[in-house]
Each structure stands twice: as structure tokens, then as C-alpha cells.
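Overview (structure and organization)
Residue-level listing of the chains:
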Amino acid sequence: MEIPATLIINQILFGLALGAVYILMACGLTIIFGLLDVVNFAHGTFYMLGAFAAFVTVSLFGNFWIGLASAIFLVGLIGWVTETFLIKPLYGKDPLYPLMLTFGFSLAATDLMRGIFGTVGRIVPLPQYFIGSLMWEGIFIPKFRIFIIFLTLGVLIFLWYFFKKTNLGMIIRAATRDSLMVRTLGIDVPRIWTFGFALGVGLAGLAGAVNSTIQSALPDMGVEITIECFVVVVIGGLGSLGGAILGGLIIGQVISFVSLLASDWSNVAIFITMLLILLVRTRGLFGEAGRL
Amino acid sequence: MVTVFLFTGLVSGVASAKPIAALLFPLSGPFSAMGTDMRKGSELALEEINAQGGVLGQKAEVVMGDDEFQAPVAIRKYKEMVDGQGIKAIGGTLSGGISVAVNEWACKNKVLYMSFCHTSIPLGKEQCGYGFVSGMIPYQTGVATAKYAFQNLGKSWMIVTQDYRFGHDELSAWLTISEKMGGKFLGNIYSPLGQVDYSAHIPKIVATNPEILVINVYGQSMDAIIKQLGEAGLTDKKMKFVIPKSHLFTIKTSGAFYTENFYGGHTFYWTLQDKFPKAKKFVEAYMKKHGEPPSQDSDGGYVGTRALLEAMNVAKTTTDVDKLIKTLKGFKMDYNKGPEEFRACDHIRTTSVVIVRGIGAKASGMNYGQVVAEIPWQDTLESCENNKNDVPYGKVKLPGK
């Protein structure tokens, strides 16, 4: 089968946009794991909460941008409360406890949202200026996908600046390596952890808000993406932000090209990719525990 | 109305009598919007039957619940009601795959099963005698939409197919009719069940540039692909979009993206009330109860439930499965689309397919689309002999399978 060059370029562009959402999700998961050593099984649930936060605020205010911003802040706030009252008491205990807690939280939150919003998908309308595609010589990409790519790029630049250049970011990085030492300097490390958790789930909320405009907000929408997000993080290496970015890019391209060449394999292709990478590098591409 | 919701603890009405039927719908999962409509149709039928004196002189009690869009869950819940409550008539489900599994279970356990959806249980080895269908066989909407499309919209076509029994049956029908009517098949894309991001397929669709793109997916997947085609700015160009089994909810939620380029197959559309007086009565009663017009899944739930309960009155039994089956064979109805029946040989409802064209941004109030054709059942349903042997559609070699 001969594949035109423009089609390959288009698949790369669409794969990039797909990967961008995975990157947002995986960066959040990585921050939480790297900082707290918590495997957040509720990450997809915070993604879902972000979608509903966008739905509610866009319905109330009719503004897409308020929807995006509220998804980060409302979900971050829920994350702050969750970490403070539910996860914090489990620090220092068996790592299985927070894992089970986040799993239970995801089941409870999903059912709660079913009770409130029902099981019918809620639509977040896309602003008119994002509808349509940019086209040039057979190459095309929808405007909103370009926005997703640049939004993710902006978030990554923010994260880089935050972790490398700000005092708070440097304290967080230090706390991931040696929290005891940071504590002896008089820094309130538990509050740092809470902030890190809120930041991580806020990114998941943002991803949910973005996807609610091209899919629908549904209570069980977080289930599948949680699994995919873990695949991305495992490929990149647990605790590595660079790994999360590379993992997201790889999975985006894998889905894009498998969809083109053998669409009925698109569901399993990401798992085969993970398997192959783990066979070569058992800790993932950049795996090194406890590093941001 | 006397309805008990399975496992939810919700009971409405007086649950004094013993339940006589168990109905399950996908109230959660990717088909939840459609499953909810189906339940609403069943509730209306139950209410009407009870208003007319109930079943065998008593208010009918019917158990309704969520099958969670999973065959094992559906079978477990049906089994609990059959074993625990002595129910001998079950109904519902909204998936070709799940209904085939439930039908197999019903046959083994000698329980009457009224499927409300598009299902292949009247075909070939699935035809076991205990299953009836108030929806239709998937190939029927495939045949109806394909015939309409090749006559009116163009010849070259590409299809996105949900990768399970329902999607395969629709694809078979399209391939068969395409060959008969000189269609030009340009390719198929299989889509896993529950897929909600189709963006990676859009470059291939654009590069192939068919006159007709067949959207052979259902539920949330159908809503998502339309949204993403619209987002890419493709729904108001030259390409026509044909959906073998569309849905009122999808038209509503797709909004302006469901343009005049969209043509969907439905077993019911509310404007049929202009043609059939009884459809008007059905639409008005449904609107009064639920505050919205009925969809084709409302119709499937309504007709299936009403027929099942009326058959119990005619057969004078709620538990004698043989008598109920004998009654339902050839059972004549005139509920909401003119005279219909459950064909005696294969237990399929003889009903037409309505083709509804989108109106995009012009949609307002209840006005979401325009009926452009009604294809009679005689033009879509194969003979008893063909269905028994699952020909011709069951013998089609599907691409990549």
C-alpha cells in the first residue's frame, strides 16, 4: 500500500495532538508519584471532574476560557481537600493503602457524578473560532488540535520554569529527593505535598476540560484514560517528567499510525508498545524513582 | 405504574403483585442515552397497560434495571429474577452482541426473551425459538440506508465500522447492496467498541475523499465522531454522511454539526405522527410523560413491552412460555406505525426504516430533522428461508476478517 507523504504528515500532526492530551495527564500523574510516591488510581476521575467543571461553568457563564480555568482550579481544589483529609493520614504506611484509597475514591466519585448528572453525555460547545481546519497543499489540521498542542506546550514551559526557576519549584524537587532534609530547613513539607497533589490533578482536570469539547463529559470517561495514562508513564519511566512527555508523544504517534494501517489493532497497540519498551528498558525510557 | 428498579433500591408505585417480567437496559456505559430512552418507552407501555386493567386482571409489575452494557451482568440479573422470582419473560438490552448472548441463555433456560434492539437473533444458528425482536435485524437499516444512498447521494463510499456483531452485520449489508447497485467501495475502518476519539482516522477519510462516509457506529462513539468531523470543518462540505442506525439524541447533541449532509436510519421518528394517527397518540403520551419526543429506542422499548404484556393477556398466562411464544408468533399490532406483526417464522417485527435528513443550525424546538423516505419492511427484510440460513449477508467476507 502506497501512502502519500501528505497523509503521513497529517497522521503525525493528529498524533501530536493526541499525544498532547496524554502529556497533560501523564505530567500530573508523574508529579504526584514523584513527590508523594502515591500511585493515583483516581487520576482519570480528576480528568472526568475537569470535564464536568468545564461543562458546568461553560453552561453558567457561556465562556470556554472560564471553563478551562475553572477545570484547573476546581479540580485542584478538590485534589487539595482529598489529599489533606484522605491521603495524608496514610503517609508512612504501606504504599498499598493510598493506592486502594484512590481506587475507592474513583469509584465513589464516579457514582456520585452519575447520581448528579446521570449517565447521558454532556456536551461542552466549542467556540466558533476553533471550528474548521487549517489546510495547505494537502496538509491539514483542525484549529482546535493546534490549540491543544500549543496549550500543552505552554503548560510544559510553565512546569519547566516553575520547577527549575522558582523557589517553590526547587523546594518541591528537593523534597522529592530528601524530604527529611527539606523539613529540617523549617519548610512545611506536608503542605508542599498537598500543593503537588493539587497541581497534578489540576493538570488532569485541564485535560478533561479540553477533551470534553471534542467528546462528551461522562461520569465513566476517566476509566480508559487512567489505564492509557499509566501506560504513558510506565513507558516514560515512573517519576520522570521528561519520560512522561516522551511517553505521551510515542503513544500519540502509535495510536495515529496504527489507526491508519490496522485500525482494529488500535486498542492493543499501546500495550504492545509498552511491552516492547519494557523488554528493552525495564524501568521505562527515563525511569529513575523519585526524580522530577 | 408499578415498576421496581433492580438493585437501586428505587421503587415507584405499589409493589404488591409478583413481577411478571424483567427488563434490562444499558443505563450506564456508552449506550446510556439510548438505553434511557428505551426504558422510558417501556415505562409508558406499562403505564398504558395498567391503565387499561393490567395483566390478567391485576396491575402488572415489571422489574427494570441496568445491564451496565455487559452481557455477564445482564445474564446474572436475568438469572436472579428468573430463579428468584419465577419470572419467565425477560426483555430489553441494546447491543447486538449482548442480545445474542442473552438469547442463547434464554434458549438454554427456556425463557421468553423480547429483544428491543437491532439484533441478529432471528438469523441462522441464533434462531432458537425463544427470542423475539421489537427492534429489527441490523442488516435491515444497512440495506435501507445503502439503497437510499446509492440512489440519491453518490456511488463511492467509505465506512467506519464498530468492531462487533452489529457493525459487522451493517457492513455486510452495505457491501452486498453496493455490489448490486454499482457502488464503489473505497475502504473500511474498524473502530473498537466504546471508542470516543476518531481524530486519527480523519486524515485517511480526507485523503480517500469518498462521496459518502458511512458512520456505522452507535452510542457515544456516534456522537463523538460527528463532533470531531464537525470540529475539523468537514460536515458542511461536499461529503455526505450516512448513519445506518442514527438516534434522536445524537441529532440533538450534534447540533449544528448534524447538517443537511447527514442521513440517518431510524425505526421511528416523531413526525410519523403526521402519517399515522396512532403514532400521534404515542408521541403525545410520551411527550406528556417524559417531556420530549420519543426516539427509535423509545419505540423499541414501547412496542416490545406492550406486545409482551398484551400477549400475556391473550395467552391468559404470564409463565407458560410455550403458550406465550405461540401467541406472539404472528402477533398483530397497530401501536404507532400502522399494522405490524411479529413474523411467525423468525419472530422479527415487520417494521419500516425511516430515513431522516439533518437540518443543522436550522434545528429548533422539536424540529431536528426531516423525514426524506420511509422504506417498507418488505424492501429490507429477507425471506424466512434466507434468515434461517443467514443468507445473503451472513456469508459476506468482511474486509480484514
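What you are looking at is a predicted structure, and each value in this text was computed from that prediction instead of being measured. (Residues numbered from 1 in each chain as written. Chains lettered and ligands numbered in written order. Predicted model: local features only at pLDDT ≥ 70, side-chain atom pairs only at ≥ 80, totals over all residues.)

With respect to the overall build of chain B
Test applied: Per the convention used, a helix needs a DSSP run of H or I reaching at least four residues, while a strand needs a run of E reaching at least two, with both numbered from the N terminus. Using C-alpha atoms as the atom set, the radius of gyration is obtained and then compared with a globule rule of 2.2 Å times the number of residues to the power 0.38. We call a residue exposed when 12 or fewer other C-beta atoms sit within 10 Å of its C-beta, buried when the count reaches 20 or more, and partly exposed for counts in between; the C-beta positions come from the backbone. Throughout, a pair of residues is in contact if the C-beta atoms placed from their backbones lie within 7 Å.
A count of helical and extended segments in chain B gives 12 helices and 16 strands. Taking 21 Å as the expected radius of gyration for a compact globule of 401 residues, we find that chain B reaches 20 Å, a close match to that expectation. Taking all 401 residues of chain B together, 60% fall into the buried category. At a minimum sequence separation of 6, the contacts of chain B that also span at least 24 residues come to 71%.

Structural notes on the sheet that holds strand β9 (residues 184-191) of chain B
Residue and element names in this part refer to chain B. Stated formally: A pair of strands counts as paired when DSSP detects no fewer than two bridges linking them. Throughout, an axis means a line fitted to C-alpha atoms (over the contacting stretch in the case of helices), and angles, computed between N-to-C directions, take values from 0 to 180 degrees.
Overall, mixed pairing links the seven strands, which are arranged β9-β8-β10-β11-β12-β15-β16 in an open sheet. Strands with a single pairing partner mark the edges of an open sheet, and in this sheet they are β9 and β16 (369-375). Averaged over all pairs of adjacent strands, the angle between strand axes in this sheet comes to 20°, irrespective of strand direction. Pairing analysis gives six bridges linking strand β15 (residues 353-358) to β16, with the strands arranged antiparallel. Residue pairing for β16: I355 is matched across the bridge by A373. Its contacts with the sheet put helix α5 (residues 165-181) on β8 (156-162), β9 and β10 (212-216), and the angle it makes with β8 is roughly 165°.

Here we look at the domain arrangement of chain B
Residue and element names in this part refer to chain B. As a reminder of what qualifies: An automatic or database domain assignment is the source of the domain bounds shown. Amino acids are sorted into nonpolar (Ala, Val, Leu, Ile, Met, Phe, Trp, Tyr, Cys and Pro), charged (Asp, Glu, Lys and Arg) and polar (every other residue, Gly among them).
By the assigned domains, chain B splits into domain 1 (3-136 + 275-341) and domain 2 (139-266 + 352-395). Taking only C-alpha atoms into account, the centre of domain 1 sits 27 Å from that of domain 2. Each partner contributes to the interface: domain 1 provides 21 residues, whereas domain 2 provides 23 residues. Sorting the residues of the side of domain 1 that touches domain 2 by element identifies α1 (32-51), α3 (96-108) and α10 (296-315) as the ones contributing at least two each. Of the residues that constitute the side of domain 1 that touches domain 2, the class distribution is nine nonpolar, nine polar and three charged.

Observations regarding the nonpolar core
Rule in force here: A set of buried Ala, Val, Leu, Ile, Met, Phe, Trp, Tyr and Cys residues, joined through C-beta atoms within 7 Å, is what we mean by a nonpolar core.
Formed by 207 residues in total, the largest nonpolar core has its most connected members in A:M25, A:A26 and A:V75. By residue number, the principal contributor to this core is helix α1 (residues 5-36) of chain A, which donates 19 residues. Formed jointly, this core draws a minimum of three residues from each of two domains, domain 1 (3-136 + 275-341) and domain 2 (139-266 + 352-395) of chain B. With residues near it in sequence (within four places) discarded, A:M25 still touches A:H43, A:Y47, A:A204, A:A207, A:I225 and A:C229.

Details of helix α11 (residues 266-280) of chain A
One turn of the α-helix equals 3.6 residues, which is why residues spaced by three or four share an orientation. Residue and element names in this part refer to chain A. We apply this condition: Any helix carries an expected span of 1.5 Å times its number of residues minus one. Starting at the helix axis, one direction is taken to each C-beta atom, and the arc is that of these directions.
Spanning 15 residues, α11 covers 22 Å between terminal C-alpha atoms, matching the ideal 21 Å at 1.5 Å per step. Of the residues making up α11, those classed as buried are S266, I270 and M274. Considered in projection along α11, the buried side chains sweep an arc of 115° and stay on one side of the axis. The outward face of α11, more than 90 degrees from its buried face, is lined by the exposed residues V268, F271, I272, L275, L276 and L279.

Let's talk about the interface of chain B and chain A
Accessible area lost during the coming together of the parts is what is often quoted as the interface size. Listed by partner, the interface residues are 31 residues for chain B and 33 residues for chain A. For the side of chain B that touches chain A, the secondary-structure elements that each account for two or more residues are α1, β9, α6 (202-208) and α7 (220-231) of chain B. For the side of chain B that touches chain A, the leading source of residues is α7(B), giving seven residues. A per-class count over the side of chain B that touches chain A returns 13 nonpolar, 12 polar and six charged.

Re helix α10 (residues 241-261) of chain A
Helix length check: α10(A) (21 residues) gives 30 Å between terminal C-alpha atoms against 30 Å at 1.5 Å per residue, within 8%. Within α10(A), 16 of the 21 residues are buried, which leaves it mostly tucked inside the rest of the structure.

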